[in-house]
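Residue strings, one per chain:
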Amino acid sequence: MTEVTVVDIIGYIVILVGVLFDLLGAIGLVRFPDVYNRLQSATKSVTLGTFGIMIGILIVTGFTPLGIKALICGVFLLLTAPVSAHALSRGSLRFGAKMWKGTVIDSYGKDKLGGPQIESEEGETKESKEKEDEVA
Amino acid sequence: MRRVVLFVLSYGLWLLLTLPGGDWPVYVVGAVLALLVAIFFGAEFTHRPLSFLNPRRWFWGIIYIPVFFWHMLVANLDVAFRVLHPACPVKPGIVKVKTALKTDVAKAFLANSITLTPGTMTVDVDEDVLYVHWIDVFGDGEDIEANTKVIVAKFEKYLMRIFE
């Protein structure tokens, strides 16, 4: 069994922090009220969390083939995760997924979709209720 | 010219990915793939390939990394606070911000940086206007100047030096 050095311990701590951020992102996914807030938590926390895990691997293994691959994975993750968040949020707005009723302003809906895409105060829009009735 | 730069970049990436190298087929396959990438996607690549060699851009790029990670860490602690707070305090909305950046690459990086930093997520880009979903809107969100100051200004000065 190899000896555990200080560098290893730092690496494991970084991995642990990454896992914690991933966990927080997952909790946010459940707790936040609408698609867009959930995407916020899902992209931010999960990107940094996973990047932290990759950096942790790099620290533990050093600049070995494995460590360099982890670093490249992390960099690609940083470059691509925001793109998917952008695509998902734009897609859901265009599809008509309404924003939470506490939303303050919707400039995008006002400019591009002919009116803010915000839920009415009762919690559900008329259309979504009709859809639910049809399903029922 | 830009095909040559793209070839060098993609072959370098291949060599990094296939460390520690190995037999000659590894290098040959990598060269063929990099060549195909350079031929097919060279037209989509940057129009000023020589700017890759400009040390001033690299310098600001390296300065940008710690700045970006600092904001990203703050962003995550912010999201963590909101997630763990019993009342889940959010005041979301989509606001407009303006950017002074001109090139597509710079705008793409700005949008990505915004998405990964405190409470903001880029929804769409339209010329010089970015639509940003903000988890904690400043005031009523109508003031484009104020939004721009809070969301964009901290990255813009770096990105302008790196990409333009």
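The name that an unreviewed UniProt entry assigns to chain B is Na+/H+ antiporter subunit E, with the source organism given as candidate division TA06 bacterium B3_TA06. Annotation of chain B in UniProt includes, under Subcellular location (unreviewed entry), the sentence "Cell membrane". In its Sequence similarities (unreviewed entry) section, UniProt records this for chain B: "Belongs to the CPA3 antiporters (TC 2.A.63) subunit E family."

Under the annotation held in an unreviewed UniProt entry, chain A carries the name Na+/H+ antiporter subunit G and is attributed to candidate division TA06 bacterium B3_TA06.

Requested: an account of the packing of helix α5 (residues 144-151) of chain B against helix α6 (residues 153-163) of chain B, with residues and values cited.
All names here are of chain B. For the pair α5 and α6, interaxial distance at closest approach is 4 Å and the crossing angle is 65 degrees. If you check the angle between α5 and α6, you find them roughly perpendicular. Counted together, Thr 148, Lys 149, Val 150 and Ile 151 of α5 and Ala 153, Lys 154 and Phe 155 of α6 form the full contact between these two elements. Residues of the contact of α5 with α6, tallied by class, amount to four nonpolar, one polar and two charged.

With reference to specific residues and values, describe the UniProt feature "transmembrane region" (unreviewed entry) in chain A.
Residue and element names in this part refer to chain A. In the numbering used here, UniProt assigns the "transmembrane region" (unreviewed entry) feature to residues 6-30, 42-60 and 66-89. Between the first and last C-alpha atoms of residues 6-30 the distance is 37 Å; the span itself is 100% helix and 0% strand. Between the end C-alpha atoms of residues 66-89 there is a gap of 34 Å, over a span that is 100% helix and 0% strand.

Could you give an account of the interface of chain B and chain A, naming the residues involved and the relevant values?
Contacts between the two partners involve 49 residues from chain B, matched on the other side by 44 residues from chain A. Of the roughly 3900 Å² buried at the junction of chain B and chain A (both faces included), carbon and sulfur atoms supply 70%. Three residues, Val 83, Ile 94 and Met 121 of chain B, lead the burial of chain B against chain A; their summed loss comes to 15% of the area buried on that side. Here chain B and chain A share one salt bridge between them. The partner of Arg 90 of chain A in a salt bridge is Asp 124 of chain B, and the shortest N-O contact between them spans 2.8 Å. Counting across the interface, chain B meets chain A through seven residue pairs in polar contact (both at pLDDT 80 or more). Looking at the side of chain B that touches chain A element by element, the count peaks at 12 residues for helix α3 (residues 55-84) of chain B.

Explain the sheet that holds strand β1 (residues 93-98) of chain B residue by residue, including any values.
A sheet is described by the order of its strands in space; here three strands give the open sequence β1-β3-β2 (chain B), paired in antiparallel fashion. The outermost strands of the open sheet, each flanked by one partner alone, are β1 and β2 (120-126) of chain B. Strand-to-strand twist across the sheet, computed as the mean angle between neighbouring axes with direction ignored, equals 30 degrees. For β2 of chain B and strand β3 (residues 129-134) of chain B, the ladder comprises six bridges, and the chain directions are antiparallel. Bridging across to β3 of chain B, Asp 124 of chain B finds its partner in Tyr 131 of chain B. Along the sheet, helix α2 (residues 35-61) of chain A makes contact with β2 and β3 of chain B, crossing β2 of chain B at roughly 110 degrees.

Parameters and conventions
- Residues numbered from 1 in each chain as written.
- Chains lettered and ligands numbered in written order.
- Predicted model: local features only at pLDDT ≥ 70, side-chain atom pairs only at ≥ 80, totals over all residues.
- Heavy atoms only, no water.
- UniProt positions renumbered as here; feature names shortened; annotations may be inferred.
- Axes fitted to C-alpha atoms, helices over the stretch in contact; angles between N-to-C directions.
- Helix = DSSP H or I, 4+ residues; strand = E, 2+ residues; numbered from the N terminus.
- Parallel < 35°, antiparallel > 145°, perpendicular 65-115°, else oblique.
- Contact = heavy atoms within 4.5 Å.
- Nonpolar A, V, L, I, M, F, W, Y, C, P; charged D, E, K, R; others polar.
- Buried area = accessible area lost by both parts, 1.4 Å probe.
- Salt bridge = Lys/Arg side-chain N within 4 Å of Asp/Glu carboxyl O.
- Polar contact = N/O pair within 3.5 Å; in protein donor to acceptor, adjacent residues only side chain to side chain.
- Pairing = 2+ DSSP bridges.

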